[in-house]
Amino acid sequence: MVTKRDTHSPAPHVADSHDMIRVHGARVNNLKDVSIEIPKRRLTVFTGVSGSGKSSLVFNTIAAESQRLINETYSAFLQGFMPTLARPEVDVLDGLTTVITVDQQRMGVDPRSTVGTATDANAMLRILFSRLGKPYIGPPSAYSFNTASVRASGGITVDRGAAKTKTVKATFNRTGGMCTRCEGRGAVSDIDLTQLYDDSKSLAEGAFTIPGWKSDSQWTVQVYAQSGFVDPDKPIREYSKKELRDFLYGEPVKVKVNGVNLTYEGLIPKIQKSFLSKDKEALQPHIRAFVERAVTFTTCPECDGTRLSEGARSSKIKRISIADACAMEIRDLAKWIRGLDEPSVAPLLTALQQTLDSFVEIGLGYLSLDRPSGTLSGGEAQRVKMIRHLGSSLTDVTYIFDEPTIGLHPHDIQRMNDLLLRLRDKGNTVLVVEHKPETIAIADHVVDLGPGAGTGGGTVCFEGTVEGLRTGGTVTGRHFDDRATLKESVRKPTGTLEIRGASTHNLQGVDVDIPLGVLAVVTGVAGSGKSSLVHGSIPAGEGVVSVDQGAIRGSRRSNPATYTGLLEPIRKAFAKANGVKPALFSANSEGACPTCNGAGVIYTDLGMMAGVATTCEDCEGKRFDASVLEYHFGGRDISEVLAMSVTEAEEFFGAGDARTPAAHAILRRLADVGLGYLSLGQPLTTLSGGERQRLKLATHMGEKGGVYVLDEPTAGLHLADVEQLLGLLDRLVDSGKSVIVVEHHQAVMAHADWIIDLGPGAGHDGGKIVFEGAPADLVAARFTLTGEHLAAYVGG
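Okay, so let's go over this structure. Computed from a prediction, not measured in an experiment: that's the story for all the values here. (Residues numbered from 1 in each chain as written. Predicted model: local features only at pLDDT ≥ 70, side-chain atom pairs only at ≥ 80, totals over all residues. Heavy atoms only, no water.)

1. Thoughts on the overall build of the protein
- Counting secondary structure elements, the protein contains 28 helices and 27 strands.
- Relative to its length of 796 residues, the protein is compact, with a C-alpha radius of gyration of 30 Å against a globular reference of 28 Å.
- Principal axes of the C-alpha set define a box for the protein whose edges measure 100 × 85 × 70 Å.
- Once local pairs closer than 6 in sequence are excluded, the contacts in the protein between residues at least 24 apart make up 66%.
- Carbon together with sulfur atoms contributes 51% to the accessible area of the protein, which is approximately 37600 Å² in total.
- Side-chain charges of the protein comprise 85 positive and 93 negative groups, with the mean position of each set lying 6 Å from the other. (Helix = DSSP H or I, 4+ residues; strand = E, 2+ residues; numbered from the N terminus. Rg over C-alpha atoms; globule rule 2.2 N^0.38 Å. Contact = heavy atoms within 4.5 Å. Areas by Shrake-Rupley, 256 points an atom, 1.4 Å probe, with all protein chains shown as cover. Lys, Arg positive; Asp, Glu negative; His and termini not counted. Charge placed at Lys NZ, Arg CZ, Asp CG, Glu CD.)

2. Structural notes on unusual backbone geometry
- Here the residue pair Gly 450 and Pro 451 is connected by a cis peptide bond, since its omega of 0° sits within 30 degrees of zero.
- Omega for the bond connecting Gly 759 with Pro 760 falls within 30 degrees of zero, at 5°, which places this linkage in the cis form.
- Relative to the elements of secondary structure, Pro 760 occurs in the loop between β26 (754-759) and β27 (768-773).
- One non-glycine residue with positive phi stands out, namely Asn 29, at about 50°.
- Classification of Asn 29 as partly exposed rests on a relative accessible area of 48%.
- Phi is positive for Asp 33, which is not a glycine, with a value near 50°.
- If you trace the backbone, Asp 33 turns up in the loop between β1 (20-26) and β2 (34-39).
- The class of Asp 33 is partly exposed, set by a relative accessible area of 47%. (Buried < 20%, exposed > 50% of the residue type's maximum accessible area, 1.4 Å probe, protein only.)

3. Focus: the sheet that holds β27
- In spatial order, the strands read β21-β24-β25-β20-β26-β27; together these 6 strands make up an open sheet with mixed pairing. Every interior strand has two partners, whereas the edge strands, β21 (544-547) and β27, have only one. The sheet shows a mean angle of 15° between the axes of neighbouring strands, direction not considered.
- Each of β20 (519-524), β21, β24 (707-711), β25 (738-742), β26 and β27 touches helix α18 (residues 530-537); the most contacted strand, β20, lies at about 135° to it.
- Packing against the sheet, helix α25 (residues 719-734) makes contact with β20, β24 and β25, and its axis sits at approximately 145° to β25. (Pairing = 2+ DSSP bridges. Axes fitted to C-alpha atoms, helices over the stretch in contact; angles between N-to-C directions.)

4. Overview of the pattern of salt bridges
- Per the counting criterion, the structure on display carries 29 salt bridges.
- Here Arg 68 and Glu 72 are joined by a salt bridge, their closest N and O atoms 2.8 Å apart. Here Glu 72 and Arg 68 lie together in helix α1 (residues 54-72), a separation of 4 residues that amounts to about one turn.
- As a salt-bridge pair, Arg 470 and Asp 481 come within 3.2 Å of each other at their nearest N and O atoms. Of this pair, Arg 470 sits in helix α16 (residues 466-470) while Asp 481 is found in the loop between α17 (475-479) and β18 (495-502), placing the two residues 11 residues apart along the sequence.
- Since its relative accessible area comes to 44%, Asp 481 is described here as partly exposed.
- Among the charged side chains, a salt-bridge network with shared partners connects Lys 487, Arg 491, Asp 730, Asp 734 and Asp 753. (Salt bridge = Lys/Arg side-chain N within 4 Å of Asp/Glu carboxyl O.)

5. Regarding the packing of helix α4 (residues 121-132) against helix α12 (residues 346-361)
- α12 packs onto α4 with a crossing angle of 150° between their chain directions and a minimal axis gap of 10 Å. Relative to α12, the element α4 is oriented roughly antiparallel. Judged by the twist between their axes, the crossing of α4 over α12 is left-handed. On α12, the residues that touch Ala 121, Met 124, Leu 125, Ile 127 and Leu 128 of α4 are Leu 348, Leu 349, Ala 351, Leu 352 and Thr 355.
- Split by residue class, the contact of α4 with α12 holds 9 nonpolar, 1 polar and no charged. (Parallel < 35°, antiparallel > 145°, perpendicular 65-115°, else oblique. Left-handed = near helix turned anticlockwise from the far one by under 90°. Nonpolar A, V, L, I, M, F, W, Y, C, P; charged D, E, K, R; others polar.)

6. Notes on the sheet that holds β2
- Strands sit in the order β2-β1-β4 across an open sheet of 3 strands; the sheet is antiparallel. What marks the edges here is a single partner per strand, and that holds for β2 and β4 (92-94). Sheet twist, expressed as the mean angle between neighbouring strand axes with direction ignored, is 10°.
- Both β1 and β2 contribute to a ladder of 5 bridges, which runs antiparallel.

7. Details of the side chain of Lys 40
- Among the structural elements, Lys 40 can be located in the loop between β2 and β3 (43-47).
- Within the buried set, Lys 40 has no salt-bridge partner at all; the shortest N-O distance to an opposite charge, 6.5 Å, is to Asp 396.
- Those residues in contact with Lys 40, other than ones at most four positions away along the chain, are His 18, Asp 19, Met 20, Ile 21, Gly 95, Thr 97 and Thr 429.

8. Remarks on the packing of aromatic side chains
- Evaluated as defined, the whole model comprises 17 aromatic pairs.
- On the numbers, 5.5 Å between centres and 55° between planes, the contact of Phe 574 with Phe 633 is tilted. Here Phe 574 is found in helix α20 (residues 567-578), whereas its partner Phe 633 is found in the loop between β23 (609-615) and α21 (638-642), with 59 residues between them in sequence. Each member of the pair, Phe 574 as well as Phe 633, is classed as buried.
- With a centroid separation of 4.9 Å and an interplanar angle of 80°, the aromatic rings of Phe 652 and Phe 653 are classed as edge-to-face. Neither Phe 652 nor Phe 653 differs from the other in exposure class; each is buried. (Phe/Tyr/Trp six-rings, centres within 6.5 Å; stacked < 30°, edge-to-face > 60°.)

Right, dumping it as structure tokens:
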């Protein structure tokens, strides 16, 4: 009997119809009722000028709603421990899948966090050494520099039966691998007492030289003077041993000062708590300068910077200790692990091998596991986060990447593209926010937002294929094939900045003369030693202004006016014109609306549910008390000034009754870096990564420095904005400044007067100068990776 087969194609299953992520009516931040359909299991790239709404659509709408919906599947009890997320302002979000976000946020600057602890590599190495290390010193915790050894013994009370209790002697012992001298930090701090006080003076004469510590009125100083532990009228150098010990290291104790109970504590622990326990970058400039003067950090002499106890360092596998293993470059460590053949730990070796191979595959083989995670660049941190996803068996997941090519040399971008395509080919949806044409070119689908930035953006200008983008007439399409040309003539140096014997990290005794008075570009593959040369070897003395990629710190109350110092001359101008105090014109001080405390909105905490932020009814979101808004300057009140864009404010403060030269100078710098569309009172938390870096650049441009050191200023810049940045760099040089740029973008290289190329590879394969000279000579020679890519770029 012959079975008949149905030759008609079967109707598609209804489950296969959900092949789109549908967004309708998105209004987050500057998005203007955006409606869009994104294909699933494809690579979609979102592009557009900086501030056009890319992050608002991808991260603050799609990713945020996916995370919120996942959180809602947990019990109310668990949700109470999780961050509460509000539903994004959007009418319909349909077809979402689980989102995994791989962003550019730098890893924590905790001094205990390393590349090894931030991934699973350290945990697996500790288990490996606890199984195979000779001599045996204990369980995995014995190899952890974050675990201290603990011993305890004593009586414990055990309840037995209804009313019987029995005291039992018990002992507890835990072996940790922490170095006791530096407590697992690898460095010890030493406080210079001469920076804290003048020992020839008494406390009554104002011996303290600590910022903000005044002898007559400051409560902290009064605690020391009236504590009874020291004589306030005796010079500090004449203190007895007991007085000096109590003064410097006294235990916390309650004392009565002017009838008030306060806590007295030795000066050293007081300084450590007040200044050293805080992130140095978050301190005010004068406090940060004091900390840098008063505190010196040196490598721990007991563990030699390895962070580990002597016992942990003594246990070895094939003459290699765990400290040696963590100090190796990861690619070398991977080879060493491959050479271990021990059936009893075969699954562990396999898992560790896969993790280390992922580092190498993603272009981070030059790192070591003991590298502090806070020293990684934004691009490196993003790629470290990618490692746990590369070998994942999950499919039908949405991966979201935020400019994954940041910090990558053109040579490395192809490798990143391959990784993105591999994630897509496993059946995942890959969404990428990106500016680099090399990555836009591999997209299956492109979404271009704009046409401008801020209030001038927030709409979808184009969606379709890459070829359609090229001919679509949008800003991105018009600039997609832009190519900078080599300069016909380069500037002549006015001097040189000498670096001799530079050996920071992987630099191999580098001697180089960086020309001054010109635009000098330092380039090379990721990990070749660029940042080590520029940030680690150029003396940060007078006249050197360094603008790195560190995050801008600020709360939702911070805005461009407060961050740049612009609000200060504006407040003084308002105060002078109206004959009142400047503090009235600060929403964080006396002028704040009493109902919302100057926030403009009232936050209502709803427990496990997302809190609600409602506009303050009294000030209508203006943040100021009504009486303050009656004062005018140039016909405007303070809230109207803060609502202006930089461009409007530059015109307002540049001429007429409102002319304020100090404010106008800051506004001109903001406009110079391409931030003319930002409003003065826009919260810093709503700015994109590219906007924040340019805001920082504008702030530093006001400093009196002869040498500007910029770390990848094109990060987060749209193709159309790179040209404006080159114009800004030219203006800086033409005004008599020297500009040194660490950069991978070929347009900046082509525009340079002088190029210093490091390499030839990364890690121990780099650290050498492979070329220095004019860009035209590098293109003509073509013997370095940078030369090949630059030649292809200018030739195209």
